[in-house]
Amino acid sequence: MNQSDFIQSLQQEQVPKGSSVYLQSLWLDKKGKWDQAHGLIDTLGGEDAAWLHAYLHRKEGDQSNASYWYSRAAKSKPNISLEDEWEQLLVYFLERGGA
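What you are looking at is a predicted structure, and each value in this text was computed from that prediction instead of being measured. (Residues numbered from 1 in each chain as written. Predicted model: local features only at pLDDT ≥ 70, side-chain atom pairs only at ≥ 80, totals over all residues. Heavy atoms only, no water.)

## What about the packing of aromatic side chains?
Consideration 1: All chains considered together, the criterion is met by five aromatic pairs.
Consideration 2: Note on Phe-6 and Trp-86: the rings are 6.2 Å apart at their centroids and 45 degrees apart in plane angle, and the pair reads as tilted. Of this pair, Phe-6 sits in helix α1 (residues 3-9) while Trp-86 sits in helix α6 (residues 82-95), placing them 80 residues apart in sequence. Accessibility assignment for this pair places Phe-6 and Trp-86 in one class, buried.
Consideration 3: The interplanar angle of 65 degrees and the centroid separation of 5.3 Å between the aromatic rings of Trp-51 and Tyr-92 together place this pair among those described as edge-to-face. (Phe/Tyr/Trp six-rings, centres within 6.5 Å; stacked < 30°, edge-to-face > 60°. Helix = DSSP H or I, 4+ residues; strand = E, 2+ residues; numbered from the N terminus. Buried < 20%, exposed > 50% of the residue type's maximum accessible area, 1.4 Å probe, protein only.)

Written as structure tokens, this is what we have:
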């Protein structure tokens with residue numbers, strides 16, 4: 001799956017089959033299902049999960065929690081739009097073989 005395919009999948013009712021938990025979370029977030037997106041990655045470990053977790057808290061507006069998770073991800077809090085960060089996350093997780 002490429003970026004265009006993933007974005008087109010947002011027109012569907014179901015997450016694309018075979019998507020990683022990270023891509024599932026991004027898909028749910030884009031569909032306005034923040035709680036479900038957060039629930040998928042809330043208990044996962046590692047820097048990848050921490051980055052997505054940070055983004056979700058930044059989107060939620062909980063900046064102190066977001067800062068904590070960016071630190072766990074070994075990343076600085078970005079100075080870009082949420083949309084741009086979502087796209088960065090999408091490209092990153094697609095490149096990692098997420099679908």
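## Examining the nonpolar core
Consideration 1: One finds Leu-26 and Leu-52 to be the most contacted residues of the largest nonpolar core, which totals 26 residues.
Consideration 2: Every element with two or more residues in this core is listed here: α2 (21-30), α3 (34-41), α4 (47-60), α5 (63-72) and α6.
Consideration 3: Examining the composition of this core, we find that seven residues originate from one element, α4, more than from any other. (Core = buried A, V, L, I, M, F, W, Y, C linked by side-chain atoms within 4.5 Å.)

## Details of the environment of Trp-27
Consideration 1: Its location among the elements puts Trp-27 in helix α2.
Consideration 2: Note on Trp-27: relative accessible area 2%, which makes it buried.
Consideration 3: Residues Trp-27 and Thr-43, 16 residues apart in the sequence, show an inter-C-alpha distance of 18 Å.
Consideration 4: Filtering out sequence-adjacent residues up to four positions away, Trp-27 remains in contact with Phe-6, Ser-9, Leu-10, Gln-12, Glu-13, Gln-14, Val-15 and Pro-16. (Contact = heavy atoms within 4.5 Å.)

## Here we look at the side chain of Ser-25
Consideration 1: Locating Ser-25 in the fold gives a position in helix α2.
Consideration 2: Residue class for Ser-25 comes out buried when judged on its relative accessible area of 0%.
Consideration 3: Within the structure, the side chain of Ser-25 is placed 2.8 Å from the backbone oxygen of Ala-37, a separation counted as a polar contact.
Consideration 4: Each residue touching Ser-25, except ones within four places of it in the same chain, is listed here: Ala-37, Leu-40, Ile-41, Leu-52 and Leu-56. (Polar contact = N/O pair within 3.5 Å; in protein donor to acceptor, adjacent residues only side chain to side chain.)

## Some details on the packing of α4 against α5
If you want to describe how two helices pack, look at the angle between their axes and the distance between the axes.
Consideration 1: Remark: α4 packs on α5, axes separated minimally by 8 Å, with the N-to-C direction vectors making an angle of 165 degrees. Overall, the two elements α4 and α5 adopt an arrangement that is roughly antiparallel. Every pair of crossing elements has a handedness; the one defined by α4 and α5 is left-handed. Where α4 abuts α5, its residues Glu-47, Ala-50, Trp-51, His-53, Ala-54, Tyr-55, His-57 and Arg-58 lie against Gln-63, Asn-65, Ala-66, Trp-69, Tyr-70 and Arg-72.
Consideration 2: Broken down by class, the residue content of the contact of α4 with α5 amounts to seven nonpolar, four polar and three charged. (Axes fitted to C-alpha atoms, helices over the stretch in contact; angles between N-to-C directions. Parallel < 35°, antiparallel > 145°, perpendicular 65-115°, else oblique. Left-handed = near helix turned anticlockwise from the far one by under 90°. Nonpolar A, V, L, I, M, F, W, Y, C, P; charged D, E, K, R; others polar.)

## So, the pattern of salt bridges
Once the charged atoms of two side chains with opposite charge are near each other, the side chains can pair.
Consideration 1: The tally for this structure, following the rule as stated, stands at four salt bridges.
Consideration 2: Across the pair Glu-85 and Arg-58 runs a salt bridge, and its minimum N-O distance is 2.6 Å. Of this pair, Glu-85 sits in helix α6 while Arg-58 is found in helix α4, placing the two residues 27 residues apart along the sequence. (Salt bridge = Lys/Arg side-chain N within 4 Å of Asp/Glu carboxyl O.)

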